[in-house]
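Chain and residue survey
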Amino acid sequence: MDERELAESLHRVRVGSLDRRQFARTLVGLGLTAPMVAELLGPRPGHAQPKRSVFTPSRRGGGGELKTLWWQAPTILNPHLATGAKDADASRIFYEGLVSFDPDGNLVPNLTAEIPTVENGGVARDGLSVVVELKKGVQWHDGKPFTSDDVVFTWEYVMDPATAATTGGAYRDIARIDKLDAHTVKIVYKNPNPFWPKAFSSVIPKHVFAPFKGAKSREAPANLKPIGTGPYRFADFKPGDIVRAEAFAGYHEANWPFFDRLEMKGGGDAVSAARAVIQTGEYDFAWNMQVEDDVLRRMEQGGKGRLDIAWGGGIEQIFFNFSDPLKEIDGERSSVKAPHPFLTDPAVRTALTLLVDRASVQEQIYGRHGQATANYLNAPPLFRSKNTRWEFSPEKAAKVLDDAGWKRSGDGVRTKDGKRLRMLFQTSINAPRQKTQAIVKQAAAKIGIEIEVKAIVPAVYFSTDPANLDTLAHFTADLQMYSLVNGSPDPQLFLQPFVSWEIAQKENKWAGRNSTRWHNDDYDRMYKAAETEMDSVKRAALFIRMNDVLVQTSVIIPFLWRGTASAIANRLRGTEISGWDSTFWNLAHWYREA
C-alpha cells in the first residue's frame, strides 16, 4: 500500500464509506503495531490496558537473586548522561519513565495514573499540549515523595545546555511545563507535537540532582549511586564491572518485585554470556546475543535456556566519517572544520556500499536474528521505504572508482590527487562484528582499497568519557560500526543522529548523537517538519524521504535489521522483551517459575 492508497483509504474511513475496524485489521495484517494504527485512524476509544502476567505474587520479594549479564559493562547510572544501551538499561533498574512501550508498541503507564488521550482530555486536539495525571503514593528510594516538581525539574535539567544531556532531543520541542497541582502537569509545546510520549522515559528526583544541573552534571554522586522510583534500589556499583540492587520495600506496585536482589554483571563477551544462561544455567538472563546463530543453536540443545527475539527498529550499520580523523583543530580531532580528505567524495562512499556482502553477513553470522536490508528505517512497516535496493558487486564498485579518477598505484592501492584509499575501520570487540569487518576488508582489498580494522573494548567504545579518543562519539577513524535501536514505535528520535545540531564535538563534550559530522540542510528541514506534522500520512512520507537521503547519498551503510536477541533461563518468566523500549522496561514483573 503506497502513500496515495493509504491517504485515500483514510479519507474513506473518515467519511464513513470504509469500515474503520475492517481497515484497522488490514493495517495490522500489513504489520503495523497497534499504536501506529491508532495514530493513523485518529480519535479512538483509548489505549488498551497493558498485558500483565497471570502470575500474582502473594508478597514482595522471596524470589532470591536475579542474575543478569550485559557483555558491555555500564559506566554510569544516570539515564540522561548515558551513551548506549548498557548505561540506559542499567539506569532503568532504578529509574522509571511516565510510560513504556510493550512488545506490540502499546503505551503502558509507569508513573502516570492513566495514559493521556484526546478522548479523556489529556491530549489537546491541536497537539500543542498534554495534561499528565501522575500516580499518587510513589516514593523515591530515599523515602521522599514523587511529585510534579520532579517532572518539571527533569525537563529543566535536560534542557540546560551545560548539562550536556544525551536525551536532549526528546525535550527540545517543550515550551514550558505547568504544575497544575502536586500530581498533575501540563506539558506545553512550541509547535504541534504528533507524538508526546517521546520524552520522560526516565524521571529523576529534583531534591537529589538540583545542585548538579548544568556544568556540574558530571559531579553528581547519584550518577554512580542512583535514587529512583523503580522496583529495585541501589546496593553497589563498580563502573565497567557490576551493578547490584535490592528489592525496594516501598515500591508503588503491591507485592512486586518478586526477587530480593538483582545483579547486572558487565563485561566479557556475548558468547560467554549466552553460554552462562543457555548452556550452564549460571545466570538467568543475558542481553544482546550478538552471537553466530549456529553457536546459539548448539547451546540451546543443553536445555537450560532459550533464545528470545523481539523485533523493533534495531539496525546494524557502518558510519562514514565526514571529518578528518587525523587532523587536529583547536585540540579536537574529527573536527567539523576539517572535511575528510576522501570520504566526502560520493564515489568513494558509493563504492564502499557495494562492498558490503549483506547476504553473507546475514546467512553466515546472524541467522534467524537478522535480516539483510538497505534501509535505516525497517519498522513499523509503514515507514519502510520501497525506493532503496542493496547490491554486492566489487566489479561495479571498481568501475565507480575508475570513473571518478581513483586509479591503482604501484602497490595496488587506489590514489587520486595524492590521496590514497587507506582507511581505519573501528568497532567494538565482538565476534560477529569482527567477522563483518573481515568480510568488508576482503572485498575492499580486491578493488584497491586498503582497510585496517580496529576492535575496541565495549566499555571504552560505548563510554561517555570526553577525554577518551576511542569512544564512538569521538570517531577518530574513517569508518565505524555499531547498532542503533529505535526506542519507540515512532521514528522521530531514531532519525535524530543525523541532524546538524546533534554533531558530537568538543563544544558539547562529545554528547551529541551525530558521530558522522554530516550536515545536510534538506535533511534538517525534513526532520523539523516531521516534528510538527499532525497529518500521519504526510509525516510518514517525510520519514521515508529522510531514510532515502541517508541511504542514497551514502551517509551510512545499513546492512542488517537486527532483532533484539536475549538469552533467557527456562524458568524465568515475565520478561516480555520489547523491541521498542529498554530490556528492563518490565523489570518489576520478572519472576521465576517454581
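Whatever comes next refers back to the structure up there.
Here the structure is a predicted model, which means the values were calculated and not measured.

**Let's talk about the packing of aromatic side chains**
- Taken as a whole, this structure holds 28 aromatic pairs when the rule is applied.
- Relative to phenylalanine 498, the ring of phenylalanine 319 has its centre 6.4 Å away and its plane inclined at 15°; by these criteria the two rings are stacked. Separated by 179 residues along the polypeptide, phenylalanine 319 in strand β12 (residues 315-320) and phenylalanine 498 in the loop between β21 (479-484) and α14 (521-532) bring together distant segments of the chain.
- Judged by relative accessible area, which is 1%, phenylalanine 498 ranks as buried.
- Taken together, the ring pairs in this structure connect Phe319, Tyr376, Tyr461, Phe462, Tyr482, Phe494 and Phe498 into an aromatic cluster.
- In this arrangement the basic side chain of lysine 67 is found over the ring face of tyrosine 283, its NZ or CZ atom lying 4.5 Å from the centre.

**Details of the environment of lysine 399**
- Residue position: lysine 399 is located in helix α11 (residues 394-403).
- With a relative accessible area of 52%, lysine 399 lands in the exposed category.
- A distance of 2.8 Å separates the side chain of lysine 399 from the side chain of aspartate 403, its partner in a polar contact.

**Structural notes on the pairing of strand β19 (residues 422-428)**
- Counting buried residues along β19, six of its seven residues qualify, which places the element largely inside the surrounding structure.
- Alignment of β19 against strand β20 (residues 450-456), held across seven bridges, turns out to be parallel. Its bridge partner being in β20, glutamine 426 is matched across the sheet by lysine 454.
- Strand direction decides the pairing type here: β19 and β21, joined by two bridges, are parallel. Following the sheet pairing, glutamine 426 is matched in β21 by glutamine 480.

**So, unusual backbone geometry**
- In this structure, proline 257 follows tryptophan 256 across a cis peptide bond, with omega equal to 5°.
- With respect to the helices and strands, proline 257 occurs in the loop between β8 (242-247) and β9 (261-266).
- Between alanine 379 and the following residue, proline 380, the backbone shows a cis peptide bond with an omega angle of -10°.
- Following the sequence through the fold, proline 380 ends up in the loop between β15 (370-372) and α11.
- The phi dihedral of asparagine 255 is positive, around 70°, even though this residue is not glycine.
- Locating asparagine 255 in the fold gives a position in the loop between β8 and β9.
- At tryptophan 510, a position not held by glycine, the phi torsion is positive, near 55°.
- Tracing the sequence through the fold places tryptophan 510 in the loop between β21 and α14.
- Among the residues examined, tryptophan 510 registers a relative accessible area of 15% and is labelled buried.

**As for the sheet that holds strand β6 (residues 184-189)**
- With antiparallel pairing, the three strands of this open sheet are ordered in space as β4-β6-β5. Lying at the two open borders of the sheet, with one neighbouring strand each, are β4 (129-133) and β5 (174-181). Adjacent strand axes in the sheet meet at a mean angle of 20° when their direction is disregarded.
- Against the sheet, helix α5 (residues 148-159) touches β5 and β6, its axis set at about 170° to β5.

**A few points about the pairing of β21**
- The element β21 is largely enclosed, with a buried count of five among its six residues.
- Bridge count between β12 and β21: six bridges; the pairing is antiparallel. Note that in β21 the partner of glutamate 316 across the bridge is serine 483.

**Side note on the packing of α14 against helix α15 (residues 536-552)**
- Where α14 contacts α15, the axes come no closer than 9 Å and their chain directions differ by 155°. On the basis of the axis angle, α14 is roughly antiparallel to α15. In the packing of α14 onto α15, the handedness of the crossing is left-handed. Counted together, Tyr523, Met526, Tyr527, Ala529 and Ala530 of α14 and Arg539, Leu542, Phe543, Arg545, Met546, Val549 and Leu550 of α15 form the full contact between these two elements.
- Its residues assigned to classes, the contact of α14 with α15 comprises ten nonpolar, no polar and two charged.

Here is what the cut-offs are and how they apply
Residues numbered from 1 in each chain as written. Predicted model: local features only at pLDDT ≥ 70, side-chain atom pairs only at ≥ 80, totals over all residues. Heavy atoms only, no water. Phe/Tyr/Trp six-rings, centres within 6.5 Å; stacked < 30°, edge-to-face > 60°. Helix = DSSP H or I, 4+ residues; strand = E, 2+ residues; numbered from the N terminus. Buried < 20%, exposed > 50% of the residue type's maximum accessible area, 1.4 Å probe, protein only. Lys NZ or Arg CZ within 6 Å of the ring centre and 35° of its normal. Polar contact = N/O pair within 3.5 Å; in protein donor to acceptor, adjacent residues only side chain to side chain. Pairing = 2+ DSSP bridges. Axes fitted to C-alpha atoms, helices over the stretch in contact; angles between N-to-C directions. Contact = heavy atoms within 4.5 Å. Parallel < 35°, antiparallel > 145°, perpendicular 65-115°, else oblique. Left-handed = near helix turned anticlockwise from the far one by under 90°. Nonpolar A, V, L, I, M, F, W, Y, C, P; charged D, E, K, R; others polar.

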